[in-house]
Amino acid sequence: GYVYEIVARPKNEIISDEPTIDKDVTSLGQNSDTKDVGETVNWIINSYIPSDIKDGISYVITDDVDTRLGTPSNIVVNVASATATDVLVALVANVDYVAKVENNTLTITLTKAGMKKIADAVGANVADYVIRVTFDTVLTTSATLGENIPNDATVTYENSVGFDFTKESEEVEVHTGGLQIDKVNDAGEALAGAKFKIVRVATEAEIADENIEKIVIGGVSYVYVDFYATSDMSGEKVYEVTTDADGKALIYGLAYGEYKIIETVAPEGYNLLRDPIDVTIGATSHLDENSVEVVNINKFTLPSTGGIGTTIFTVSGLIL
């Protein structure tokens, strides 16, 4: 006869949890940083491990890096603690994974051997570990001052039965800034020929390094910083800038933060500034309306006293 009722029972458990992915800059948990143009930026990708990775078909991490951030280099892939920097097991390039950079896109593809190695290393504690990818870029001169340059990463995973999962990280960003100086006299007239340097507080490592030139201001050690003196950040970096015929000087491509500018040469006929000037570099400090006005005062000459005053000093000197 006919059977009208069929009972289906599960034969094999199919695990289909999906990985997620996070992106950080400089250190774990940090989603924003500020850098000098030409400075190295450290990127961190944390991609979480699905419990069935041992039988997975493919696991790919992709990072389409903005060209303003530079080209990915120094690529390292490890299995690490999800909440700390501790490395559980190092993954070997071209054995456990294949790394490729093409058109400024970084692709990390795990091999079957790599997925098995990860599964064996973490065991049942998959939630405690991540696949951590770190790489470096160098912030380029194409960066726009005051503009956040975003970056994110994507993980694509195909499990053992062909289910595809794709997750994208949150965006993290890097930015850089600049400063404009307007040099004038006490009448507000532009002064050309003034020279300036810029300093920031020295780090402990810089203080300990005898090869780095430092200056002490108010008991605090500062270091000179190099920068671009053109609006398009062309040419070489400089440590000193000179005001032009309009009294302007540009200091471009520096990280946001607190600095001091020091006048090293005053315009012809004017007194050199005695004290450094505190300045803050931020998202809008490079704009004309936020330029730093630096005023110089005319030199003065003491008039000849003449008369009896001079005679008394002269006679007294001869007697002595």
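How each quantity is defined
- Residues numbered from 1 in each chain as written.
- Predicted model: local features only at pLDDT ≥ 70, side-chain atom pairs only at ≥ 80, totals over all residues.
- Heavy atoms only, no water.
- Pairing = 2+ DSSP bridges.
- Helix = DSSP H or I, 4+ residues; strand = E, 2+ residues; numbered from the N terminus.
- Buried < 20%, exposed > 50% of the residue type's maximum accessible area, 1.4 Å probe, protein only.
- Arc of directions from axis to C-beta.
- Contact = heavy atoms within 4.5 Å.
- Phe/Tyr/Trp six-rings, centres within 6.5 Å; stacked < 30°, edge-to-face > 60°.
- Lys NZ or Arg CZ within 6 Å of the ring centre and 35° of its normal.
- Axes fitted to C-alpha atoms, helices over the stretch in contact; angles between N-to-C directions.
- Core = buried A, V, L, I, M, F, W, Y, C linked by side-chain atoms within 4.5 Å.

Student: Now, about the pairing of strand 20 (residues 257–265): what can you tell me, with residues and values included?
Tutor: Taken together, the five bridges between strand 15 (residues 195–201) and strand 20 define a ladder with antiparallel strand orientation. Bridge pairing links Val-199 to Lys-260 in strand 20. Of the pairings in the sheet, the one linking strand 20 to strand 21 (residues 277–281) comprises five bridges and is antiparallel in character. Looking at the pairing, Tyr-259 lines up with Val-279 of strand 21.

Student: Before we move on, can you summarise helix 1 (residues 112–122) with the specific residues and values?
Tutor: Within the span of helix 1, buried status applies to Gly-114, Met-115, Ile-118, Ala-119 and Val-122. Buried residues of helix 1, seen end-on, are gathered within an arc of 135° and therefore sit on one face of the element. As for helix 1, its buried residues are in contact with strand 4 (58–64), strand 5 (73–81), strand 6 (87–90), strand 8 (105–110) and strand 9 (129–138). Once helix 1 ends, the next one or two residues include Gly-123, with phi positive near 60°.

Student: Mind laying out the packing of aromatic side chains, listing which residues take part and the relevant values?
Tutor: Scanning the model with the defined rule gives three aromatic pairs in all. Ring plane angle 15° and centroid distance 6.5 Å describe the contact between Tyr-157 and Phe-165, whose orientation is recorded as stacked. Clustering of aromatic rings is evident, with ring pairs tying together Tyr-59, Tyr-157 and Phe-165. Above the plane of the ring of Tyr-224 lies Lys-197, whose end atom (NZ or CZ) is 5.0 Å from the centre.

Student: Tell me about the sheet that holds strand 14 (residues 177–185), and name the residues and values.
Tutor: Read from one edge of the open sheet, three strands run 19-14-22, paired in mixed fashion. Of all strands in the sheet, those bounded by a partner on one side alone are strand 19 (248–254) and strand 22 (292–296). Taking the axes of each pair of neighbouring strands and ignoring which way they run, one obtains an average angle of 20° across the sheet. Here five bridges tie strand 14 to strand 22, and the two strands are oriented parallel to one another. If you follow Asp-182 over to strand 22, its bridge partner there is Glu-293.

Student: Account for the nonpolar core, with residues named and values stated.
Tutor: Counting 42 residues, the largest nonpolar core has Ile-53, Tyr-59, Ile-61, Leu-110 and Ile-131 as its most contacted members. A total of four residues in this core trace back to one element, the largest contributor, which is helix 1. In this structure Leu-110 touches Ile-53, Tyr-59, Leu-91, Asp-96, Tyr-97, Met-115, Ile-118 and Ile-131, once residues within four positions along its chain are discounted. One finds Ile-198, Val-225, Val-241 and Val-294 within the second-largest nonpolar core, a separate group that totals 18 residues.

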